[in-house]
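Understanding the architecture of this molecule
The primary structure of each chain is shown beneath.
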Amino acid sequence: MFQKDLLKQKVVLVTGGGTGLGRSMAKRFAELGANLVLASRKVENLEAAAAEIRALGARALAVGCDVREPDQVDAMVAKAVAEFGRIDALVNNAAGNFLAKTEDLSPNAFNSVVRIVLHGSFHCTSAVGRHMIARGGGGNILNIVTTYAWTGSAFVVPSACAKAGVLAMTRSLAVEWARYRIRVNAIAPGPFPTEGAWQALMPDPSYEEMARLRIPAKRFGRHEELADLATYLLADGSDYMTGEVVTIDGGEWLMGGEFNGLTIFPPETIDQSFEAARKKRGK
Ligand code: COA
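Residues numbered from 1 in each chain as written. Predicted model: local features only at pLDDT ≥ 70, side-chain atom pairs only at ≥ 80, totals over all residues. Heavy atoms only, no water.

Considerations on the packing of aromatic side chains
One pass over the structure, following the stated rule, counts 5 aromatic pairs. For the pair Trp 150 and Trp 253, a centre-to-centre distance of 5.5 Å together with 80 degrees between the ring planes defines the contact as edge-to-face. Residue Trp 150 is located in helix H5 (residues 148-151), and its partner Trp 253 is located in the loop between strand S7 (245-248) and helix H10 (267-280); the two are separated by 103 residues in the primary sequence. A relative accessible area of 33% places Trp 150 in the partly exposed class. We classify Trp 253 as partly exposed; its relative accessible area is 30%. (Phe/Tyr/Trp six-rings, centres within 6.5 Å; stacked < 30°, edge-to-face > 60°. Helix = DSSP H or I, 4+ residues; strand = E, 2+ residues; numbered from the N terminus. Buried < 20%, exposed > 50% of the residue type's maximum accessible area, 1.4 Å probe, protein only.)

This is how it looks when you write it as C-alpha cells:
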C-alpha cells in the first residue's frame, strides 16, 4: 500500500505499544522505516514487542511508564529524546475499559478508566507537545478514540466520557498548535480483535457473534487495516489533515452505540455475564 521508506527517519512514540493494536501499529511503522519508542506499564510485553521491531531493522526503545502519572510520562519523554534526539509523532493508544452497569460503578471505577484514557492522553500530549514546540520542528499527534465518543454507548460510560474528552482535545489542539506545525488527528476504530479488548468487552462467544453480526461489513477489522490508516495520518503526505477523526469500523457506528444492543437482555443476565468477564480478567 505504501512506499517502503514512507516513515524513514521518523521517531514515533506509541503508548500501550507492547500489546494489541499498539504493537501492530508500531510494527507497521517500523516496516516503513520509523524508529519506535514503546511505552506501557508492563515492561515484559514491551521488551518482546521491541525485539520484534528490531528484527525488522528499526531501532526500538522500551520504556516502562504509567500514563496516569505525569512524572513518569515526563521521564519517559526525556528518555526517548535522550535516545533519539527528538520525537516526531505520538500515538495515544493506551486505554482501559470494561463493561459495567453505570449504577454499579464506584467513583474509583469511573476514575480508573478516565485516568488512563483522558488524563493519560493529556499527560503524554502535554509532555510531547512541549518537546515539539521547544524543538520547533513540527510534529504529529494521533489519538485512538472510538465511535461512541460521539454516539455514546450503554455499559461503557467511563470510556465514552473519557474518549469524548480525547476527541475534544484533538480538535482543540489542532487549532491551538497549528502555528507550531503540530497536527492532531484521531482514529475511531470499530471492533478489532485483541486479547485485551476481547477479555474486557466480549464476555462470552454469543457477545462476539452479536458484535460481528451488527457490523454492516459482517466482519471484524484486521490489524493491518488500522495500522495502514495510522501510517497515512503520520506520513508527510497527509500534512493538510488536522483536527479530523477518521472512522474505520465496517460501518458499525451507523447501527448505533456499540454496546446498546446488550439492552435487549434482562438485567440479571447482564449481571451474570459482566461478572463472569470480570472474574476471567482477575479484577
Ligand atoms: N466492573 C466494575 N468495576 C470494576 C471493574 C469491572 N469490570 N473492574 C474494575 N472495577 C473497579 C474496581 O472495583 C475498583 O473500584 P473500587 O476500588 O471502588 O472497588 C476500580 O475499578 C479500580 O480497579 P483496579 O482493578 O484497582 O484498577 P486498575 O487501575 O488496576 O485497572 C482497569 C484499571 C480496571 C481499567 C483495568 O481493566 C486495566 O488496567 N485495563 C487496561 C487494559 C484494558 O482495559 N484493555 C482493554 C482496552 S479496550
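Moving on, there is more to tell.
Observations regarding the nonpolar core
Judged by nonpolar contacts, the single largest core of 33 residues is most densely connected at Val 12, Phe 29, Leu 36, Leu 38, Val 91 and Ile 187. When residues of this core are traced back to their parent elements, those giving at least two are strand S1 (11-15), helix H1 (20-31), strand S2 (35-40), helix H2 (43-55), strand S3 (60-64), strand S4 (89-92), strand S5 (139-144) and helix H9 (223-234). Top contributing element to this core by residue count: H9, with 6 residues. Apart from the residues lying within four places of it in its own chain, the contact partners of Leu 38 are Val 14, Gly 17, Ala 26, Leu 46, Ala 49, Ala 50, Ile 53, Leu 61, Ala 62 and Val 63. Listed in part, the 28 residues of the second largest apolar core include Val 37, Val 67, Val 77 and Ala 80. (Core = buried A, V, L, I, M, F, W, Y, C linked by side-chain atoms within 4.5 Å. Contact = heavy atoms within 4.5 Å.)

Section: the site of the ligand
Surveying the vicinity of the ligand reveals 16 residues, the closest of which are Arg 41, Arg 68, Ser 106, Asn 108 and Arg 278. At a separation of 2.9 Å, an oxygen atom of the ligand approaches a polar side-chain atom of Arg 281. Lys 283 is positioned such that a nitrogen or oxygen atom in its side chain is 3.0 Å from an oxygen atom of the ligand. Isolated, the ligand exposes 940 Å² of accessible area, and the fraction of that covered by the protein chains is 69%. (Near = heavy atom within 4 Å. Polar contact = N/O pair within 3.5 Å; in protein donor to acceptor, adjacent residues only side chain to side chain. Areas by Shrake-Rupley, 256 points an atom, 1.4 Å probe, with all protein chains shown as cover.)

A look at the packing of helix H3 (residues 70-84) against helix H4 (residues 107-135)
Across the interface, H3 lies against H4 with an axial gap of 9 Å and an inter-helix angle of 40 degrees. Classified by the interaxial angle, the pair formed by H3 and H4 is oblique. In this structure, the crossing between H3 and H4 has a hand that is right-handed. Note on element contacts: H4 touches H3 through His 123, Cys 124, Ala 127, Val 128, Arg 130 and His 131, opposite Pro 70, Val 73, Asp 74, Met 76, Val 77 and Val 81. Of the residues in the contact of H3 with H4, the class split is 8 nonpolar, 2 polar and 2 charged. (Axes fitted to C-alpha atoms, helices over the stretch in contact; angles between N-to-C directions. Parallel < 35°, antiparallel > 145°, perpendicular 65-115°, else oblique. Left-handed = near helix turned anticlockwise from the far one by under 90°. Nonpolar A, V, L, I, M, F, W, Y, C, P; charged D, E, K, R; others polar.)

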